[in-house]
Amino acid sequence: MNNTRLDMKRLATMDAAQAARLLHRVREETLAGRTPPIAPRPEIDASWRRMARLGLDPDRGTSSVLLRRDELEQRRRSTLLAEVMETLSSGLAGITDSSLQIMVVTDEHGRVLWREGHPSVMRRATGICLEEGAAWTEHATGTNAVGTALATRRAVQVHSAEHYVQALHDWTCAAAPVHDPRDQRLLGVLDVSGPASTFHPSLLALVGSVARLAEAEMRERHRGAVERLRAVAAPILCRVGGRAVAVDTHGWTAAVTGLAPVDRIALPKSLGAGRVWLPSLGLCAVEPLPGGWLLRVEEDTGPAGAESGAASRVVLDLSRPRRWTVSVSGAAGSWQQELSPRHAELLYLLALHPDGRTAAELAQDVFGDRTRTVTVRAEMSRVRRTLAGVLAHRPYRFREEIAVEVLHPADPGELLPHSTAPAIRAGSRV
């Protein structure tokens, strides 16, 4: 038996017909439960397993109910991706036109919002329903670059018979997720697709670079917005007595007085004018500012030692494959925060170990390497900025007085599907 795995560079050196035959055989043997002549790439193997658990028919078509035109336009207007479409398009225009490929941009739900490229390939793409308004998640279309990038939150290339659905075996595609730099929320996916004959392993790096370029542009736009808010807030804070901070709508700090400066403050989704308890500040009076909020910390007038509005319950929602949240509630109300993939992993591991984990233990859990404590401490420092009233340290743990609930996906295999952490992958196997 050959224990080596396929890789894109190896495929690129092979004759196109020979590579296609090899991929078809690997897929056929793997899906039949037999040992293939060479192992599929890990990300493809993991996706095929997800499709098998879903019961997806590999011989199904790729048809999709398209979004109505008004809904498609509404999604285009509401996404931050619309602001960087020129960057995405110009970054890939040359390669897509000259190499007989098309560029596709989807939202976070895998719906195609825009596509452009070589006219003949556009016509072929319509034949497999790779068109505006169509759904291209793994659940809808099996293993494909868009859907698998959404499922794993990583850039991925899928070639020929690596596609789970046979109707896509004449295609090659490379896709990279695009995140909102303000809160790391997944915005959608940038993809380049074309006939299998246009395959080249360097395409993945190009698509990933253009996606990062778009994120950098969004970051610059956000920096400018924070600067404008700072210009408005600075004179106001000069007149405010006590402790106060001006933040944008995502919690990024523009100006501060009477407090240690921090980059960002976690805000509840439904924040409005009035009084609200925030885990990092306590009870605050909230007032609107152009492009943000003024948070004035109310001094505690309760009995000594009392923790007015302190958190009492945490719900860690990991039930969805691509969006994870932590909800914190207490006497003064509740708030919710979306989690990055790494922070979802860390909080889940802490929920599994109520007595706490040292940095070395978390490094072993996440990386399989106890020496990577510097990385763990840096990530936990970021987590604790958001959950200062919820997490303790030495060792890292949820505070004893807080009830913690974890919401799991119905399928154990869908628990944090992006994760390669040994402790999480061991617990998600079925």
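Please read all numbers here as calculations on a predicted model, not as lab measurements.

We now examine the sheet that holds strand S3 (residues 156-159). Ordered by their spatial adjacency, 5 strands build an open sheet running S2-S1-S5-S4-S3, and the pairing between neighbours is antiparallel. The open sheet has two edge strands, strand S2 (112-117) and S3, and neither has a second partner. Here the average twist between neighbouring strands, direction ignored, is 15 degrees. Bridge analysis of strand S1 (residues 102-107) against S2 gives 5 bridges, and the strand direction is antiparallel. Note that in S2 the partner of threonine 106 across the bridge is valine 112. Sitting on the sheet, helix H9 (residues 203-239) is in contact with S3, strand S4 (171-179) and strand S5 (186-195), with an inclination near 25 degrees to S4.

Another point: the environment of tryptophan 293. Assignment of secondary structure puts tryptophan 293 in strand S10 (residues 292-297). For tryptophan 293, the contacting residues outside a window of four places in its chain are Val245, Ala246, Val247, Asp248, Thr249, Leu267, Leu271, Gly272, Ala273, Val286, Glu287 and Pro288.

Our next topic: the pattern of salt bridges. Here the structure, examined in full by the defined rule, presents 28 salt bridges. For aspartate 45, the salt bridge is made with arginine 49, and the minimal N-O distance between the two is 3.2 Å. Of this pair, aspartate 45 and arginine 49 both sit in helix H3 (residues 42-54), 4 residues apart, roughly one helical turn. Aspartate 45 sits in the buried class, given a relative accessible area of 15%. For the salt bridge of aspartate 107 with arginine 75, the shortest nitrogen-to-oxygen distance reads 2.8 Å. Of this pair, aspartate 107 sits in strand S1 while arginine 75 sits in helix H4 (residues 69-78), placing them 32 residues apart in sequence.

Time to look at the pairing of S10. The element S10 is largely enclosed, with a buried count of 5 among its 6 residues. Bridge analysis of strand S9 (residues 282-289) against S10 gives 6 bridges, and the strand direction is antiparallel. Of the residues in S10, the one forming a bridge with leucine 289 is glycine 292. The antiparallel pairing of S9 with S10 creates a hairpin that spans 2 residues between the two strands, and glycine 291 there sits at a positive phi of about 85 degrees.

Now for helix H8 (residues 145-152). Of all 8 residues making up H8, 8 are buried, and the element is well covered by its neighbours. Lining the buried residues of H8 we find H3, S1, helix H7 (138-141), S3, S4 and S5. With a side-chain oxygen lying 3.1 Å from the backbone nitrogen of valine 146, the N-terminal cap of H8 falls on asparagine 144. Following H8 by one or two positions, arginine 153 has its phi on the positive side, about 60 degrees.

Ordered by their spatial adjacency, 5 strands build an open sheet running S7-S6-S10-S9-S8, and the pairing between neighbours is antiparallel. The open sheet terminates on both sides in strands that have one partner only, identified here as strand S7 (253-257) and strand S8 (274-278). Neighbour-to-neighbour, the strand axes of the sheet open up by a mean angle of 25 degrees, direction not taken into account. Pairing analysis gives 5 bridges linking S8 to S9, with the strands arranged antiparallel. Bridge pairing in S9 links tryptophan 277 to leucine 283. Taken strand by strand, H9 contacts strand S6 (244-248), S7, S9 and S10, and its axis lies near 25 degrees from that of S7.

Turning our attention to the confidence of the model for the chain. The pLDDT averaged across the chain works out to 88; a share of 94% of its residues lies at or above 70. The low-confidence segment residues 301-308, where pLDDT is below 50, has 3 contacts with residues more than four positions distant or belonging to other chains.

Parameters and conventions
- Just so you know, the residues in each chain are numbered from 1, in the order the chain's sequence is written.
- This being a predicted model, a pLDDT of at least 70 is required before a residue's local features are given, and a value of 80 or more before pairs of side-chain atoms are given or counted; all residues contribute to the totals for chains, interfaces and linings.
- Side-chain metrics in this entry use all non-hydrogen atoms of the structure; hydrogen atoms and water are not considered.
- The criterion for strand pairing is that DSSP finds at least two bridges linking the strands in question.
- In DSSP terms, a helix is any run of H or I states spanning at least four residues, a strand is any run of E spanning at least two, and both are numbered starting from the N terminus.
- Axis geometry follows a simple rule: fit a line to the C-alpha atoms, using only the stretch in contact for helices, then measure angles between N-to-C directions, giving values from 0 to 180 degrees.
- Note on contacts: a residue pair is in contact if any heavy atoms of the two residues lie within 4.5 Å.
- In what follows, salt bridge is the name for a side-chain nitrogen of Lys or Arg lying within 4 Å of a carboxyl oxygen of Asp or Glu.
- For the exposure calls, accessible area comes from a 1.4 Å probe over protein chains only, and a residue counts as buried if that area is under 20% of its type's maximum, exposed if over 50%, partly exposed in between.
- Pairing of N or O atoms within 3.5 Å defines a polar contact, subject to two protein rules: one partner must be a possible hydrogen donor and the other a possible acceptor, and residues neighboring in sequence count only if both atoms are side-chain atoms.
- For every residue, the predictor states its confidence as a pLDDT score lying anywhere from 0 to 100.

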